[in-house]
Every structure is written in C-alpha cells, then in structure tokens.
Amino acid sequence: MRINFFIDSDLGDYEAGRAEYAHLWREDGERIVVALERASGLVFREHTVNAIVFEGRSQSHPLGLRHNIPTEYKRSELVHELGHRLLLGRGREMETSEKRHRFLFLVLFGVLADLYGEQFARETVFRDSGFDSMYKDVWDWARAFTVDERRDEFTKLKSENVDIHNRHKTVP
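This section reports on the structure supplied with the text. (Residues numbered from 1 in each chain as written. Predicted model: local features only at pLDDT ≥ 70, side-chain atom pairs only at ≥ 80, totals over all residues. Heavy atoms only, no water.)

### Observations regarding the packing of helix α3 (residues 97-116) against helix α5 (residues 133-143)
And then number 1: Where α3 meets α5, the axes come as close as 9 Å, and the angle between the chain directions of the two elements is 45°. Taken together, α3 and α5 sit at an angle that is classed as oblique. In this structure, α3 crosses over α5, and the sense of that crossing is right-handed. For the pair α3 and α5, contact is made by Ser97, Glu98, His101, Arg102, Phe105, Leu106, Leu108 and Phe109 and by Met134, Tyr135, Val138, Trp139, Trp141, Ala142 and Arg143, respectively.
And then number 2: Looking at the contact of α3 with α5, its residues break down into 10 nonpolar, two polar and three charged. (Axes fitted to C-alpha atoms, helices over the stretch in contact; angles between N-to-C directions. Helix = DSSP H or I, 4+ residues; strand = E, 2+ residues; numbered from the N terminus. Parallel < 35°, antiparallel > 145°, perpendicular 65-115°, else oblique. Left-handed = near helix turned anticlockwise from the far one by under 90°. Contact = heavy atoms within 4.5 Å. Nonpolar A, V, L, I, M, F, W, Y, C, P; charged D, E, K, R; others polar.)

This is the structure in structure tokens:
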C-alpha cells in the first residue's frame, strides 16, 4: 500500500509532522499492513491512500493525521486509522463510532503489541482511555475478553453481514 502524505495548508507548521509520518510509513508501513491483515483475516482493498496532516483529531475517512503529537502517538494513530479503513464496510454495519471502535479494538491491541511491544499497546490503551470516555469504555469492554475470546467475537462480527461496499459478494 502506498500512502501519500500532504500538508493541510501552508498556513500552519505541518511540514515536520508530514515528514515524520512519511518516515514512519517508510519504516513500518509494510509491517503495519501485514499485522492488520493477519489479525483481521482481511486484505486492504485500497492500494493508494492520500493522507492530510493537519491540526485536529485524527480520522480515517478521509485519512487525516494530527501533526503536532509525539512520535509514539503518531505510530498508534496511524495504525488505528488504517485499521478503520481496513474494517470499513466489513461485517455488521457499524452505524456508531462506539460500534466501529468495538470492532477495531478487538484486534488493535494485538496488532500494536505485535508491532511495537506489549508495553506500547498498554500505553496506547491508557492514553486513549484518558482522551475520551467512549474509548475507555470500549477498551475496557475489549480487554475484558481473553485473546481467544476477542478473536472469536471479531470473527462473529466480521461474518454477520456482507461487504456493504460490494453487496453481491460476502467478505472472505
């Protein structure tokens, strides 16, 4: 997968953030894709994504990444938002942010631990939980499952519906 990183505008100091995300992607991009695909049993449908580095809360659609956060936060934000892109439209229709995060968080901890270590994954959960009460509730929910139970719950959610972006096919 290729990600093109762009700054939002020349009015902010976004270039350093853009350069750092581009560096992280060159360094870890292939490993991130492999880890997300392996954990989910899905394959990215996109081959090229454009990312805007800006001031604001990171988001998956369009891919927007916050410019002025520490490197470790950038790593987890990139994996998190790409996880949303991978899962979008697969499994049960997820009409709320909480439901989309429940689906993602069933695999995200394991992906972060595989990529950057268990301590990094725990620190991400701690940081996310302090950022937003919904994130805390969803992380608590996901982490209450054993690793095997998380995998089983993810598989159940993934198999409950067709690919909503390509309704005539089921998700492999």
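The rest of the description comes next.
### Some remarks on the packing of aromatic side chains
And then number 1: Scanning the model with the defined rule gives seven aromatic pairs in all.
And then number 2: Geometrically, the ring pair formed by Phe5 and Tyr21 is stacked, given 6.3 Å between the ring centres and 10° between the ring planes. Placement of Phe5 in strand β1 (residues 2-7) and of Tyr21 in helix α1 (residues 15-40) is noted, with a sequence separation of 16 residues between them.
And then number 3: Assessed through its relative accessible area of 8%, Phe5 is described here as buried.
And then number 4: Classification of Tyr21 as buried rests on a relative accessible area of 0%.
And then number 5: Ring plane angle 90° and centroid distance 5.0 Å describe the contact between Trp141 and Phe145, whose orientation is recorded as edge-to-face. (Phe/Tyr/Trp six-rings, centres within 6.5 Å; stacked < 30°, edge-to-face > 60°. Buried < 20%, exposed > 50% of the residue type's maximum accessible area, 1.4 Å probe, protein only.)

### Regarding the environment of Phe154
And then number 1: You can see Phe154 is positioned in helix α6 (residues 147-159).
And then number 2: When its relative accessible area of 2% is taken as the criterion, Phe154 is described as buried.
And then number 3: Taking the C-alpha atoms as reference points, Phe154 and Val107, separated by 47 residues in sequence, lie 7.5 Å from one another.
And then number 4: If sequence neighbours within four positions are ignored, Phe154 has contacts with Ser40, Leu87, Phe103, Leu106 and Val107.

### Thoughts on unusual backbone geometry
And then number 1: The omega angle of the peptide bond from His61 to Pro62 is -5°, so this bond is cis rather than trans.
And then number 2: Position of Pro62 among the secondary structure elements: in the loop between β2 (48-54) and β3 (63-66).

### Digging into the side chain of Lys74
And then number 1: Position of Lys74 among the secondary structure elements: in helix α2 (residues 71-87).
And then number 2: Its relative accessible area of 2% is what places Lys74 among the buried residues.
And then number 3: In terms of polar contacts, Lys74 uses its side chain to reach the backbone carbonyl oxygen of Ile69, at 2.6 Å.
And then number 4: In this view, Lys74 contacts Gly17, Glu20, Tyr21, Leu24, Arg66, His67 and Ile69; residues no more than four positions away in its chain are not counted. (Polar contact = N/O pair within 3.5 Å; in protein donor to acceptor, adjacent residues only side chain to side chain.)

### Some points on the sheet that holds β2
And then number 1: The sheet built from three strands is open, its strands ordered β1-β2-β3 with parallel pairing. Here the strands that pair on one side only, and so sit at the sheet edges, are β1 and β3. Here the strands of the sheet are splayed against their neighbours by 30° on average, with no regard to which way each runs.
And then number 2: Relative to β3, β2 runs parallel, the two sharing four bridges. Residue pairing across strands places Phe54 opposite Arg66, the latter belonging to β3.
And then number 3: Packed on one face of the sheet, α1 meets β1, β2 and β3 and runs near 170° to β1.
And then number 4: With respect to the sheet, α2 is in contact with β1, β2 and β3, its orientation differing from that of β3 by roughly 165°. (Pairing = 2+ DSSP bridges.)

### Brief notes about the pattern of salt bridges
And then number 1: Considering all chains together, one arrives at 14 salt bridges under this definition.
And then number 2: Between Glu15 and Arg18 there is a salt bridge whose closest N-O contact spans 2.7 Å. On the criterion of helical spacing, the pair formed by Glu15 and Arg18 is a turn pair, its members being three residues apart in helix α1.
And then number 3: Residue classification places Glu15 among the partly exposed residues on the basis of a relative accessible area of 40%.
And then number 4: Put simply, Glu27, Asp28, Arg31, Glu72 and Arg75 are held in one network by salt bridges that share partners. (Salt bridge = Lys/Arg side-chain N within 4 Å of Asp/Glu carboxyl O.)

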